[in-house]
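# Residue-level structure breakdown
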Amino acid sequence: MMSNKIILLKEGTDTSQGIPQLVSNINACQVIAEAVRTTLGPRGMDKLMVDGRGKATISNDGATILKLLDVVHPAAKTLVDIARSQDAEVGDGTTSVTLLAAEFLKQLKSYVEEGLHPQTIIRSFRTATQLAVKKINEIAVSQCIHMLQLLEKCAATALNSKLIAGQKEFFSKMVVDAVMSLDELLSLKMIGIKKVQGGALEDSQMISGVAFKKTFSYAGFEMQPKRYDNPRIALLNVELELKAEKDNAEVRVKSVEEYQAIVDAEWNILYDKLEKIYQSGAKVVLSKLPIGDVATQFFADRDLFCAGRVQEEDMKRTMMACGGSIQTSVGALTDDVLGLCELFEEVQVGGERYNFFKGCPKAKTCTIILRGGAEQFTEETERSLHDAIMIVRRAIKSDSIVAGGGAIEMELSKYLRDYSRTIPGKQQLLIGAYAKALEIIPRQLCDNAGFDATNILNKLRAKHAQGGMWYGVDINNEDIADNYVACVWEPSIVRINALTAASEAACLILSVDETIKNPRSSMDGPPGGGRGRGRGRPHAH
C-alpha cells in the first residue's frame, strides 16, 4: 500500500538534509578557501577582481577579496562573515582565518561521512579551542623591548605579505608614528589617508595635523595669501553667497526704488556676515557650505584665506586638531570657538593642491598622504596600511606577542597532538584532527613560496618536539628559523581571534543539517495569478 506524499511546503521549495547536506556545505567552504589560499604570506599572489561596472581591484587582503566575490551559497557566507569580523576586530589575519575554518572542515569531512554525530565533533572542537587559547596566553611574550620597536616589528610583519613589502621599514615607522599621535581611544577616523596619483611610494608623507585637498574656489582665490603663522581658524556651517530667490516666492513692488531696497538688503545681509567674520580675527575660514565669489573677493582684499564645501570628516578632524567648534551662525565668533594652529599653508602635492594645518595644539589626529603610480596600487597601499594600523592599535592595547610565520600554529599543533594522546574515546581523534588542521598555515606559506612543504613541515615538527617553540618557516632561505629572533612578530590577540572565529564558524556549519530554500517570488509569477498551473478550479459537486 503506497502512502500519499504529504506536501507541507510551497511548490518549488528546495530542501536538502542529512549527511549529504553537511558534506555539500563543507565542499562549498573548500571552494571559498581555494579563492584566497594563494594570497597567504609574504610570497602570496594577488587577485584581480573586476566588478559589474568594470572597476578593477587588485588585492591581497582576504576580507577584501571575499567581500568582492559576492558569495550566494548560504554556508559559504559564514566564511566571508568571519573574514569580515577578523578585519573589523583585528585588521590582519583575514586569509588565515578563512583557511583555518576550511581546513577544520576538511579534516572532519571523513568523520561526518562515516556517520559520527556532529555534536560530538563540536564538543571536541570547543575543548580544543579553549586549550589552544590557554596555551597561546601561556607562551605569549609580554613587553620585552622598547614599545616603539615592538610596534614597528608588528607593523612590519603585517606589511610583509602586502604589495608594499619592499618599503615595509618606511611604512611601518610611518604607521607607528600615526597611531602614537592619537589619544587613548585610538579612533581610526582620526587618521586621514589621502591618495595622490604620481610620484614614488617613498614620497608618501605623514602630517601630524590635518591635510585636505583644495576645495572648489571662485575668482579672487589666487589673491589670497597661502601661508599664515599662528592663524585663528573659523569653522562654519554657513552659506556665504547670495541666495537665489525661491522659485515660488512672489514679491510685489510698485517702484524701482522698492526693488532696489530688496536687492540692497540681500547684499547688506551678506556683507554683514562677512564683516563679522573679519572682525572676529580669524585668518582662515572653512565652511561646509559654498563660499561665493563676492565673499572670496572680500576675504582676498583683507588677506584672509577661505575654503568652502569642505567635507564633513575633514572639518571634524580639523576641529579635533585645532580646537574650536563648528558654528552655524556668524553672530558669536568669540575666541573660544575659533581654532588655532602654528602654521597653515597650501602646498602642491603631485598634481593636486593640499591645505596643511601643522603644529596643532590639540593634535590627536594625523593625515597620511600616499603617492604612487596606478590608482589600484595606491588603493591597495591604503588597505595594507589600514591592516598595519589596526595591528599597531591592537598591540598597544594588549602588549603580548607571539612569533608568526607558522611558528605559533606548529607549537599549538604539537601541544594538542600530545594532549589528544592522553584522553580516550572519540575526542582523541577529533582533537588530533584539529591539531593536524592547524598545520595548514605553515604548509600554505611553503606552497605559496614554492618550497617543498612536506620537507619543511617535517623539520618543523622535529624542532618543536625538541622544544624549539618559536620555529617557523623561513621564507628567505627556504628553511626553518626561530621567528622570534627574526622579529616576525604579531600580537597574540590576532591568533586568538583567528582560532576562535575559525572554530566557531566550523562548528556553526557542522550544526546545520538541513537547508530550506524558499523559491524566488519571480518564479511563481505575479501574485493572484497563481492558478495557471493546470490545476483548475475545484468543481462544486
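Residues numbered from 1 in each chain as written. Predicted model: local features only at pLDDT ≥ 70, side-chain atom pairs only at ≥ 80, totals over all residues. Heavy atoms only, no water.

The terminal C-alpha atoms of helix 16 (residues 492–510), which comprises 19 residues, lie 27 Å apart, in line with the 27 Å expected from a rise of 1.5 Å per residue. Burial of helix 16 is extensive: 14 of the 19 residues sit out of reach of the surface. (Helix = DSSP H or I, 4+ residues; strand = E, 2+ residues; numbered from the N terminus. Expected span 1.5 Å × (residues − 1). Buried < 20%, exposed > 50% of the residue type's maximum accessible area, 1.4 Å probe, protein only.)

Take the sheet that holds strand 4 (residues 191–197) next. As summarised here, the arrangement of the 3 strands in space is 4-14-5, forming an open sheet in which the pairing is mixed. With partners counted over all chains shown, the strands left at the sheet margins are strand 4 and strand 5 (205–207), one partner each. Ignoring which end each strand starts from, the neighbouring axes of this sheet average 20° apart. In this structure, strand 4 lies alongside strand 14 (residues 366–372), joined through 7 bridges in parallel fashion. Bridged to isoleucine 193 within strand 14 is isoleucine 368. (Pairing = 2+ DSSP bridges. Axes fitted to C-alpha atoms, helices over the stretch in contact; angles between N-to-C directions.)

Right, let's talk about the nonpolar core for a bit. One finds Phe104, Ile121, Ile191, Leu385, Leu499 and Leu510 to be the most contacted residues of the largest nonpolar core, which totals 100 residues. Sort the elements by how many residues they give to this core and helix 16 lands first, with 11 residues. (Core = buried A, V, L, I, M, F, W, Y, C linked by side-chain atoms within 4.5 Å.)

A few words now on the sheet that holds strand 6 (residues 209–213). Here we have 4 strands laid out as an open sheet, ordered 6-13-12-7, and antiparallel in their pairing. The open sheet has two edge strands, strand 6 and strand 7 (227–229), and neither has a second partner. Going across the sheet, the axis of each strand differs from the next one's by a mean of 25°, ignoring polarity. Pairing of strand 12 (residues 343–349) with strand 13 (residues 352–358), which is carried by 7 bridges, proceeds in the antiparallel orientation. The residue of strand 13 that forms the bridge with glutamate 345 is phenylalanine 356. Taken strand by strand, helix 10 (residues 312–322) contacts strand 6 and strand 13, and its axis lies near 155° from that of strand 6. (Contact = heavy atoms within 4.5 Å.)

Now for helix 14 (residues 440–449). Counting buried positions along helix 14 gives 7 out of 10 residues, so the element sits mostly inside the fold. Along helix 14, the positions that sit buried rather than exposed are Ile440, Ile441, Pro442, Gln444, Leu445, Cys446 and Asn448. The secondary structure elements touched by the buried residues of helix 14 are helix 1 (19–37), helix 4 (94–113), helix 12 (407–420), helix 13 (426–438), helix 15 (453–465) and strand 16 (471–474). At the C-terminal side of helix 14, glycine 450 shows a positive phi close to 80°.

Moving on: the packing of aromatic side chains. On inspection of all chains with the given rule, the structure shows 15 aromatic pairs. A centroid spacing of 4.5 Å and a plane angle of 20° characterise the contact between phenylalanine 104 and tyrosine 434, whose relative ring orientation is stacked. You can see phenylalanine 104 sitting in helix 4 and its partner tyrosine 434 sitting in helix 13, a full 330 residues away along the chain. In this pair, the class of phenylalanine 104 matches that of tyrosine 434, namely buried. With a centroid separation of 6.2 Å and 35° between ring planes, the pair formed by tyrosine 228 and phenylalanine 344 is classed as tilted. (Phe/Tyr/Trp six-rings, centres within 6.5 Å; stacked < 30°, edge-to-face > 60°.)

This part covers the pattern of salt bridges. Within the structure shown, the criterion is met by 26 salt bridges. One connected set of salt bridges, linked through shared partners, spans Arg227, Asp229, Glu345 and Lys358. (Salt bridge = Lys/Arg side-chain N within 4 Å of Asp/Glu carboxyl O.)

The subject of this paragraph is the confidence of the model for the chain. For the chain, mean pLDDT is 84; residues scoring 70 or higher make up 91% of the total. Across the chain, helix 12 holds the top mean pLDDT of 93, while strand 1 (residues 14–17) sits lowest at 69. Contacts for the low-pLDDT stretch residues 524–536, under 50 throughout, to residues beyond four places or in other chains number 6 contacts. (pLDDT = per-residue confidence, 0-100.)

Take unusual backbone geometry next. As a rule of thumb, non-glycine residues mostly have phi less than zero, and peptide bonds are mostly trans rather than cis. Residue aspartate 303 is not a glycine yet carries a positive backbone phi of 60°. Residue classification places aspartate 303 among the partly exposed residues on the basis of a relative accessible area of 43%.

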